[in-house]
Amino acid sequence: MEAYAGRQFVGMDLHRRRSVLVRMTAEGEVLERVRVVNDVDRLAAVIARAGESPEVVLEATYGWYWAVDALRAQGAVVHLAHPLGVKAFEYRRVKNDERDAADLADLLRMGRLPEAWIAPPATRELRELVRHRAKLVGLRSHCKAEVHAVLAKCGVTVSMSDLFGIAGTALLDRLRDSSQLAAPYAARIGSLRRIMDGLDFEIDHTAGMVRGRLALHQGYAAVQQIPGIGPTLAAVLVAEIGDIDRFTRPEQLTCWAGLTPTHHESDTHVHRGRITKQGSRLVRWAVVESVQILPDTTAVGQFRDRVAARRGHNIGVVAAARRQLEYVFYALRDHHVRALDTQPHKHTDKHTGAA
């Protein structure tokens, strides 16, 4: 079957060091099962046997970037399987790498593959910077919590709201220069402060790289016109959402971000629960953060307070975040959000829902 000349489908079960590939015909007949070490040349040799423009599918799992780029360089049409869509693989009686790869290829050839979007290299690079900055900020927050914990052990009262502001820094300096803290506790706080100084530098440096990449991005500038969204949150939204044209309506974007409620329906029973959270965690964090302290003079702030008065603060914030993300959709698509204009007599298309 090596000389098979028809259209071929290839399922790839990608792992950290080795991967399994299964080639099959459009009718489902297996042509080859092979396990290869993760290497561009070895992968290219297998795909070369799959004919011209083979359809290849792999799961959106650990380290998929290099494999997608290598497959595309060989002329393959690459599909990325959504991990949640193929979760049913875990419930089979027999589960191994060859079965996983074959099932992926079967789903693809039958047109039943749940696909994830393959971000282009430029978007992936931007995401790398944005996510790295978010990790650095998380590490800095962890260090701050550690300092608070050490002071609590020593019975030091922190009267200021920000221990790392001007007054708080002065307190830490006095504790360092005095003998109020035992040497191990003082050494730990000093170490944490030096780590935070290094993290501050890295965070600012990474943020500068992000700003440089987005300097001419029209959507990035437009998103910052939405109340509550500044340069940092705008960068997160632009990087994580990517190509806005893959969404035709704002409801699709909010659903993709996991900000819509779950829906279970059977016969006459309908249950709508909490939001799905099956999307970008950073996008949800960014829009929730942007509406937390919005004043009630803004449209989203008023909407948040109205919902909160009826259903509670948390539900009001989530509902406002969903509304905020709808505005982000229009800002990225049109580079302008007409719903936020203060001038009277603004027209809304009742058929498309465009602001």
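Engineer: Explain the overall build of the protein chain to me, please; I cannot follow it from the model alone.
Structural biologist: When its secondary structure is counted, the protein chain shows 12 helices and eight strands. Against the 2.2 N^0.38 benchmark of 20 Å for 355 residues, the protein chain shows a C-alpha radius of gyration of 26 Å, more extended than a compact globule. Taken along the three principal axes of its C-alpha coordinates, the protein chain extends 80 × 65 × 45 Å. Of the contacts formed within the protein chain by residues at least 6 apart in sequence, a portion of 55% connects residues at least 24 apart. Put simply, the protein chain shows about 20,300 Å² of open surface, and 51% of that area lies on carbon and sulfur atoms. Counting 49 positive and 41 negative side-chain charges, the protein chain places the centres of these two groups 5 Å from one another.

Engineer: What is the right way to look at the side chain of Gln8 in this model?
Structural biologist: With respect to the element layout, Gln8 can be found in strand β1 (residues 8-14). For Gln8, a relative accessible area of 2% puts it in the buried group. If we skip the residues at most four places from it in the chain, Gln8 touches Arg23, Met24, Leu31, Arg49, Ala50, Gly51, Pro54 and Glu55.

Engineer: Which parts of the structure should I look at to understand helix α12 (residues 313-334)?
Structural biologist: An α-helical turn contains 3.6 residues, so a residue and the one three or four places further along point in the same direction. For α12, which comprises 22 residues, the first-to-last C-alpha distance of 31 Å matches the rise-based estimate of 32 Å (1.5 Å per residue) to within 8%. Trailing α12 by a residue or two, His335 shows a phi angle of about 60°, which is positive.

Engineer: How should the nonpolar core be read in this particular structure?
Structural biologist: Most often, soluble globular proteins keep nonpolar side chains buried together rather than apart. Formed by 44 residues in total, the largest nonpolar core has its most connected members in Val223, Ile229, Leu237, Ile241, Leu325 and Val328. Of all the secondary structure elements, the ones that give two or more residues to this core are α4 (121-153), α7 (218-223), α8 (231-241), α10 (281-291), α11 (299-311) and α12. Ranked by the residues each element gives to this core, the list is headed by α12, at 11 residues. Val10, Leu14, Val46 and Val78 belong to the second largest nonpolar core, which has 21 residues in total.

Engineer: It is not clear to me how the pairing of strand β2 (residues 18-25) should be interpreted in this structure. Could you clarify?
Structural biologist: Counting buried positions over the eight residues of β2 gives seven, a clear majority of the element. Where β1 meets β2, seven bridges bridge the pair, whose relative direction is antiparallel. Bridge pairing in β2 places Asp13 opposite Val20. Hairpin connection between β1 and β2: a loop of three residues separates the two successive antiparallel strands. Strand direction decides the pairing type here: β2 and strand β3 (residues 30-37), joined by seven bridges, are antiparallel. Bridging from a neighbouring strand, Arg18 pairs with Val37 of β3. Here β2 hands over to β3 after four residues, with Gly28 in that stretch at a positive phi of 95°.

Engineer: Can you help me understand the packing of aromatic side chains in this one?
Structural biologist: Counted according to the given criterion, the structure contains three aromatic pairs. On the numbers, 5.2 Å between centres and 80° between planes, the contact of Phe329 with Tyr330 is edge-to-face. You'll find Phe329 and Tyr330 in the same group, each marked buried. Stacked on the ring of Tyr65, the Lys or Arg Arg124 has its end atom at 4.9 Å from the ring centre. Arg323 extends its terminal NZ or CZ atom over the ring of Phe303, reaching a point 3.9 Å from the ring centre.

Engineer: Hey, could you run me through the pairing of β1 in this one?
Structural biologist: Successive side chains on a regular strand alternate, one facing one side of the sheet and the next facing the other. Counting buried positions over the seven residues of β1 gives seven, a clear majority of the element. The two faces of β1 match: Gln8, Val10, Met12 and Leu14 on one face and Phe9, Gly11 and Asp13 on the other face are all buried. Relative to strand β4 (residues 55-59), β1 is paired through four bridges, and the arrangement is parallel. Pairing of Val10 across the sheet is with Val56, part of β4.

Engineer: Help me out: how do you make sense of the confidence of the model for the protein chain in this one?
Structural biologist: Reading fine detail from the predicted coordinates is not recommended where pLDDT is low. Within the protein chain, residue pLDDT values average 92, and 95% of them lie at 70 or more. Residue range residues 343-348 is modelled with pLDDT below 50. Its contacts to residues more than four positions away, or to other chains, number five contacts.

Engineer: Would you mind showing me how to read the layout of surface pockets here?
Structural biologist: Gaps between atoms show up when a probe of the same size as a water molecule is rolled over them. The computed volume of the largest pocket comes to approximately 1,200 Å³. Taken together, 39 residues line the largest pocket, and the ones lying closest to its centre are Arg127, Arg131, Glu240, Ser280 and Arg281. When residues of the lining of the largest pocket are traced back to their parent elements, those giving at least two are α2 (64-73), β6 (115-116), α4, α6 (183-213), α8, α9 (250-256) and α10. With 10 residues, α4 is the largest single contributor of residues to the lining of the largest pocket. Residue classes in the lining of the largest pocket are distributed as 20 nonpolar, eight polar and 11 charged. Each pocket or cavity is described by its volume, and for the second largest pocket that value is around 380 Å³. Forming the walls of the second largest pocket are 13 residues, and the residues nearest its centre are Gly273, Arg274, Ile275, Ile315 and Val318.

What counts as what
- Residues numbered from 1 in each chain as written.
- Predicted model: local features only at pLDDT ≥ 70, side-chain atom pairs only at ≥ 80, totals over all residues.
- Heavy atoms only, no water.
- Helix = DSSP H or I, 4+ residues; strand = E, 2+ residues; numbered from the N terminus.
- Rg over C-alpha atoms; globule rule 2.2 N^0.38 Å.
- Contact = heavy atoms within 4.5 Å.
- Areas by Shrake-Rupley, 256 points an atom, 1.4 Å probe, with all protein chains shown as cover.
- Lys, Arg positive; Asp, Glu negative; His and termini not counted.
- Charge placed at Lys NZ, Arg CZ, Asp CG, Glu CD.
- Buried < 20%, exposed > 50% of the residue type's maximum accessible area, 1.4 Å probe, protein only.
- Expected span 1.5 Å × (residues − 1).
- Core = buried A, V, L, I, M, F, W, Y, C linked by side-chain atoms within 4.5 Å.
- Pairing = 2+ DSSP bridges.
- Phe/Tyr/Trp six-rings, centres within 6.5 Å; stacked < 30°, edge-to-face > 60°.
- Lys NZ or Arg CZ within 6 Å of the ring centre and 35° of its normal.
- pLDDT = per-residue confidence, 0-100.
- 1 Å grid on protein atoms, 1.4 Å probe; cavity = no way out; pocket = protein on both sides within 12 Å on 5 of 7 lines; lining within 4 Å.
- Points joined across faces, edges and corners; volume = space filled by probe spheres on them.
- Nonpolar A, V, L, I, M, F, W, Y, C, P; charged D, E, K, R; others polar.

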